[in-house]
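So the chains spell out like this:
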Amino acid sequence: MNYRGYSISHENGLCVARPFDGDDLAIVSRGLNRVTSAVRDLWIVLDYVDQIRSGEADMMPVSRVIREWVANPTPVIYLDAANARGAC
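Residues numbered from 1 in each chain as written. Predicted model: local features only at pLDDT ≥ 70, side-chain atom pairs only at ≥ 80, totals over all residues. Heavy atoms only, no water.

(A) Here's a closer look at the overall build of the protein chain. On a plain count of helices and strands, the protein chain comes out with four helices and five strands. For the protein chain, the N- to C-terminal ordering of α and β elements is β-β-β-β-α-α-α-β-α. Out of the 88 residues in the protein chain, the part that is buried amounts to 35%. Within the protein chain, contacts between residues at least 6 apart in sequence are counted, and of these 35% link residues at least 24 apart. In the structure as shown, the protein chain presents an accessible area of about 5,300 Å², 50% of it carried by carbon and sulfur atoms. (Helix = DSSP H or I, 4+ residues; strand = E, 2+ residues; numbered from the N terminus. Buried < 20%, exposed > 50% of the residue type's maximum accessible area, 1.4 Å probe, protein only. Contact = heavy atoms within 4.5 Å. Areas by Shrake-Rupley, 256 points an atom, 1.4 Å probe, with all protein chains shown as cover.)

(B) Examining the pattern of salt bridges more closely. Taken as a whole and assessed by the stated rule, the structure comprises five salt bridges. Within this structure, Arg30, Arg34 and Asp80 form a network of salt bridges that share partners. (Salt bridge = Lys/Arg side-chain N within 4 Å of Asp/Glu carboxyl O.)

(C) Geometry of the nonpolar core. By size, the foremost hydrophobic cluster in this structure holds 20 residues, and its most contacted members are Ile27, Ile66 and Ile77. Listing elements by their share of this core, those giving two or more residues are strand 2 (6-11), strand 3 (14-19), helix 1 (32-45), helix 3 (64-71) and helix 4 (79-84). The greatest single-element share of this core, amounting to five residues, is contributed by helix 1. Not counting chain neighbours up to four residues away, the residues in contact with Ile27 comprise Tyr6, Cys15, Val16, Ala17, Val35, Ala38, Val39, Leu42, Ile77 and Leu79. (Core = buried A, V, L, I, M, F, W, Y, C linked by side-chain atoms within 4.5 Å.)

(D) View of helix 1. Between its first and last C-alpha atoms helix 1 spans 20 Å; for 14 residues at 1.5 Å apiece the expected length is 20 Å, and the two agree. Residues of helix 1 that are buried include every one of Val35, Thr36, Ala38, Val39, Asp41, Leu42 and Val45, and no others. (Expected span 1.5 Å × (residues − 1).)

Below, the structure written as structure tokens:
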């Protein structure tokens, strides 16, 4: 499945989204809805680049897991783990 510039596949019972542009990022969850929501939030983040630069990433209207990722990017976003701690 393709969604907003990401290829979403099923791997070992998980939905895994990877960007078409070759960035080293994977968004992983058991739930497809959680993955597509995270992809949507990443697109929303693009509208808030100025706030990110000024250290106000917590003001973005996206899930906490994406706000945390913007502050500290990693190659994989594990949405189920984030949900377990209340960040989705």
